Structures are given as C-alpha cells and as structure tokens.
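Read off the chains here:
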Amino acid sequence: KIGISVYDQYDTFVSEMMKDFNDYATKKEEETGVAINIDTYNASASQSTQNSQVENMITEGCDVICVNLVDRTDPTAIIDLAEKNNIPVIFFNRELVEEDLERWTRLYYVGAQAFESGIMQGELAAEAFLTDQSLDKNGDGIFQYVVLEGEAGHQDAIVRTEYSVSTMIDSGVEGEKLGYAIANWNRAQAQTKMAQLMSQFGDSIELVIANNDDMALGAIDALKASGLTKDEWPAVIGIDGTVGLEAVKNKEMIGTVYNDKEGQADAMLNLAYELSTGSDLSDLNLIDGKYIRLPYARVTCDDVDSYMEGDTE
Ligand code: GAL
C-alpha cells in the first residue's frame, strides 16, 4: 500500500508524473502478481494539510509514503512521524536539503539534477543565437533576455536560471538581462508577467528563458495577444518537455529540456515496491544509499517527435 501526497495536483509536470506512476504500478502488478494499492492526496499548497495527510496514510497502514513536499525546507513533521512509525519515505521532485534527508536511514529522494537542465537550456539558447542571425533583432551581437522564474525558493528555479545564463555566456554568447518575473510554474501568471515585461522593454526582448514549459507557453500567449507577427517574436525556451513539445514542433519555441517524468515515476515505483516488500535495494543504484536522479535531455524540433505522447517509453 503506497500513500502519495503531491504539493498541487494541477501542476502539469507532477500530474503527468503521477499518471506514469500509476501506469507503471499496473504493469508491475501484472508482472509480479502482487496487488499494489495507491492512495493519492492533494496537499493544495498547504504544508500542514500535507502533514495531516501523511498522518492519515500511516493510520491507513501504508507500507511506504511518497511526498512531493509543499515547503521543501519544512519536512520535519513528516520525518518525525515516519521515523516514529518506522515507515520509509520517498521524497520526490521538490528536493529537501541533504541534512534533512540524512536525519533518518529510511528517507530517500527521487528527482533530477537541477543544474543539468540549466546547462542544457543555456547550450540550446547559445546554439540558436550563433546559428540564426535573425534572433539578434537589433544586430548588436548581444542576446537581450528576460527570465520567467518558477517558485521562489524552489531548487529548480534558482539553479536553472543561474546555470542557463552562465552556460550561454560560457558558450560564447554575450547576454544582457533586461528583467525577470516570478510566475510560479504557471501559464496564466506567466502570460500576465510577460505582458508587463513587454510593455516595459518592448521589442528589445530577444530571448525568453522560462524555468518550465508552462511559463514558456504563457509567454507565447502574451506574444500572440500582442499582435506581433511570429517573426517579430523573441526566441522562447522552456524546460520539462510537457506542454512545450507541441510548441517546439511548430517552432514557436526554439527548444526545451526533457525532465524525465517516466524515468522518475518508474524509479519511484521500483523503490517503493522494494521498500514495501522488504527486498534488497542493491539493483536500484542509489547514490549515497538515498538518491535516484534521472538525467535531463535536450529537445529541439529535430528530435521532438520522439518525445511526443506515446513515444517516450
Ligand atoms: C519542476 C518542474 C516544474 C514544476 C515543479 C514543481 O521540476 O520543472 O514544471 O512541476 O517541478 O515542483
């Protein structure tokens, strides 16, 4: 019996990962003949709600608990509850600090390495600028950019932005930051913020670096609403390979970085299964006995087809 609590069931990446998790669980049941029961809870962005949900999962007799923390700096109540009841916890996607993960032996983390996605995004942006002169609208040899950031304090927001920009510069492209806005991974918020950035910086924006695909699409919504023609748009780049794939295919985005939700869902299911059945974890290649991190991948219109629905497994 697996209990799961997600920080927000309407988050695109997390909900798609959950769908994959359930599909892998069905496959695993077929393979092993072991019934897998999954109870999924939505914490609706409240850490105290999530803490009560974990308490509930323990009362309900879950063998293992998977937690997508609301506040990644506040896992204490969950860790204490789990340790007291000796139920292993797999944290995923929203990474707690190492000191917290070290607080008890039966705590694990499944996710990715945030800096890797930033590096790939920076490489893609640099390659686009160096190969397509039309992206340098004012012809000054500098890529003028704005950033749409995910939640303040999220490892993937802070680290992606930093590495994306530094990699672009290391790849030989001079960048100039015009502005940024926090849009919490959210398409509608990104549209509003992008409209504001456009009214401030007009057509001097040559690149929109978005920390995820939903926000990249929000930027595109704003561009469409502005009445600019497509060749007047800045380049737009995302991360996740979820809702952005279609936009990469039709060249509204110059690229995205695939955040391997299938790999993460599969790894989490296997880890949950081994923890529940008391088997040995040695085949799972845990880093430091605690971490599983799946690699990201660069996606452009040349290879986007292999990432589109149904082709990624
Ligand atoms: C990131 C992902 C975002 C959002 C966030 C939620 O890894 O790229 O789109 O889902 O996790 O924690």
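Everything that follows concerns the structure shown earlier in this document.
The residue numbers shown here count from 1 along each chain, following its written sequence. Only residues with pLDDT of at least 70 are given local features in this predicted model, and only at 80 or more are side-chain atom pairs given and counted; all residues enter the totals for whole chains, interfaces and linings. To obtain the side-chain values, all non-hydrogen atoms of the structure were used and water was disregarded.

Caption draft 1: The arrangement of the state of the cysteines in detail. Note that a disulfide, as used here, is simply two cysteine sulfur atoms within 2.5 Å. Applying the stated criterion to the full structure yields zero disulfides. You can see Cys62 has no disulfide; the closest cysteine sulfur is in Cys66, sitting 9.2 Å from it. Throughout this description, buried means an accessible area under 20% of the type-specific maximum (1.4 Å probe, protein chains only), exposed means over 50%, and partly exposed covers the range between. Residue Cys62 is classed as buried on the basis of its relative accessible area, which comes to 3%.

Caption draft 2: Representation of the site of the ligand within the structure. Contacts to the ligand come from Tyr7, Asp11, Phe13, Asn93, Arg94, His154, Asp156, Arg160, Trp185, Asn212, Asp240 and Asn259. Contacts to the ligand include Asp156, whose side-chain N or O atom sits 2.6 Å from an oxygen atom. To measure how exposed things are, a 1.4 Å probe is used in the Shrake-Rupley method; for residues, cover is taken only from the protein chains shown. Coverage of the ligand by the protein chains reaches 99% of its 310 Å² of free accessible surface. To be near a molecule or strand, a residue needs just one of its heavy atoms within 4 Å of it. What qualifies as a polar contact is a pair of N or O atoms within 3.5 Å, subject to a donor-acceptor requirement within protein and to the restriction that residues adjacent in sequence count only when both atoms come from side chains.

Caption draft 3: Focus on the sheet that holds strand β3 (residues 64-67). Ordered by their spatial adjacency, six strands build an open sheet running β2-β1-β3-β4-β5-β11, and the pairing between neighbours is parallel. The strands lining the two open edges of the sheet, one partner per strand, are β2 (38-42) and β11 (291-294). Recorded for the sheet is a direction-independent mean angle of 15° between the axes of neighbouring strands. Bridge count between strand β5 (residues 107-112) and β11: four bridges; the pairing is parallel. Across the sheet, residue Gly111 finds its bridge partner in β11, namely Arg293. At least two DSSP bridges between two strands are needed for those strands to be called paired. Segments assigned H or I by DSSP are reported as helices when at least four residues long, segments assigned E as strands when at least two residues long, and all are numbered from the N terminus. Every angle, taken between N-to-C directions, lies between 0 and 180 degrees, and every axis is a line fitted to C-alpha atoms, over only the stretch in contact when it is a helix.

Caption draft 4: The arrangement of the sheet that holds strand β8 (residues 207-210) in detail. Across the sheet, which stays open at both edges, the four strands sit in the order β7-β6-β8-β9 with parallel pairing between neighbours. The sheet is open, and its two edges are formed by β7 (174-182) and β9 (235-237), each paired on a single side. When the angles between neighbouring strand axes are averaged without regard to direction, this sheet yields 20°. The pairing of strand β6 (residues 142-149) with β8 spans four bridges and is parallel. Looking across to β8, one finds that Leu148 is bridged to Ala210. Packed on one face of the sheet, helix α6 (residues 155-170) meets β6, β7 and β8 and runs near 170° to β6. We call two residues in contact whenever any of their non-hydrogen atoms come within 4.5 Å of each other.

Caption draft 5: A look at unusual backbone geometry. Positive phi is not limited to glycine here, since Asn93 has a value of about 70°. In this fold, Asn93 is placed in the loop between β4 (89-92) and α4 (98-101). Look at Asn184: it is not a glycine, yet its phi comes out positive at around 50°. Note on placement: Asn184 falls in the loop between β7 and α7 (187-201).

Caption draft 6: Fine view of the packing of helix α2 (residues 47-59) against helix α3 (residues 76-85). With their axes 9 Å apart at the nearest point, α2 and α3 run at an angle of 10° to one another. With respect to α3, the element α2 is oriented roughly parallel. The residues of α3 that touch α2, namely those facing Gln47, Gln50, Asn51, Val54, Glu55 and Ile58, are Ala77, Ile78, Leu81, Ala82 and Asn85. In terms of residue class, the contact of α2 with α3 is built from six nonpolar, four polar and one charged. For classification purposes, angles smaller than 35 degrees are called roughly parallel, those larger than 145 roughly antiparallel, those between 65 and 115 roughly perpendicular, and all remaining angles oblique. Three classes are used: nonpolar for Ala, Val, Leu, Ile, Met, Phe, Trp, Tyr, Cys and Pro, charged for Asp, Glu, Lys and Arg, and polar for all others, with Gly counted as polar.

Caption draft 7: Layout of the pattern of salt bridges. Salt bridge, as used here, is a side-chain nitrogen of Lys or Arg placed within 4 Å of a carboxyl oxygen of Asp or Glu. For the structure shown, the criterion picks out 14 salt bridges. Residues Glu16 and Lys261 are paired through a salt bridge, measuring 3.7 Å at the closest nitrogen-oxygen approach. One end of the pair, Glu16, is in helix α1 (residues 12-32); the other, Lys261, is in helix α10 (residues 261-277), and 245 residues separate them in sequence. Its salt-bridge partner being Glu252, residue Lys224 comes within 3.1 Å of it at the nearest N-O pair. Note that Lys224 is positioned in helix α8 (residues 213-226) and Glu252 in the loop between α9 (245-249) and β10 (256-258), a separation of 28 residues in sequence. One salt-bridge network, held together by shared partners, links Glu16, Lys261 and Glu262.

Caption draft 8: Representation of the packing of α1 against α10 in the model. Between α1 and α10, the shortest axis-to-axis distance is 8 Å and the interhelical angle comes to 50°. Here α1 is positioned oblique relative to α10, judged by the angle of their axes. Here α1 and α10 pass one another in a crossing that is right-handed. Where α1 abuts α10, its residues Phe13, Glu16, Met17, Met18, Asp20, Phe21, Tyr24, Ala25, Lys28 and Thr32 lie against Lys261, Glu262, Gln264, Ala265, Asp266, Met268, Leu269, Asn270 and Tyr273. When the near helix sits turned anticlockwise from the far one by under a right angle, the crossing is termed left-handed; a clockwise turn instead gives a right-handed crossing.

Caption draft 9: Main features of the nonpolar core. Counting residues in hydrophobic clusters, the biggest one holds 65 residues, and the most contacted among them are Ile2 and Ile90. Broken down by element, this core gets its largest block of residues, eight residues, from α10. The set of buried Ala, Val, Leu, Ile, Met, Phe, Trp, Tyr and Cys residues whose side-chain atoms join them within 4.5 Å is what this entry labels a nonpolar core.

Caption draft 10: A look at the packing of aromatic side chains. Note on aromatic pairs: the rings of Phe, Tyr and Trp (six-membered ring only in Trp) are paired at centre separations within 6.5 Å, and the planes decide the class, stacked below 30 degrees, edge-to-face beyond 60, tilted for the rest. Scanning all chains against the criterion turns up four aromatic pairs. Between Tyr109 and Tyr291 the ring centres are 6.3 Å apart and the planes differ by 65°, which places this aromatic pair in the edge-to-face class. Taken together, the positions of Tyr109 in strand β5 and Tyr291 in strand β11 put the pair 182 residues apart, joining distant regions of the chain. Under the relative-accessibility criterion, Tyr109 is labelled buried at 1%. For the pair Tyr258 and Tyr307, a centre-to-centre distance of 4.8 Å together with 45° between the ring planes defines the contact as tilted. Separated by 49 residues along the polypeptide, Tyr258 in strand β10 and Tyr307 in the segment after β12 (297-299) bring together distant segments of the chain. A relative accessible area of 5% means that Tyr258 is categorised as buried. Positioned above the aromatic ring of Tyr273, the side-chain terminus of Lys28 is 4.7 Å from the ring centre. Here the guanidinium or amino end of Arg94 rests over the ring plane of Tyr7, the centre of that ring lying 3.7 Å away. In this scheme, Lys NZ or Arg CZ marks a charge over a ring once it lies within 6 Å of the ring centre and within 35 degrees of the ring normal.

Function cannot be read off these values alone, since they describe shape.
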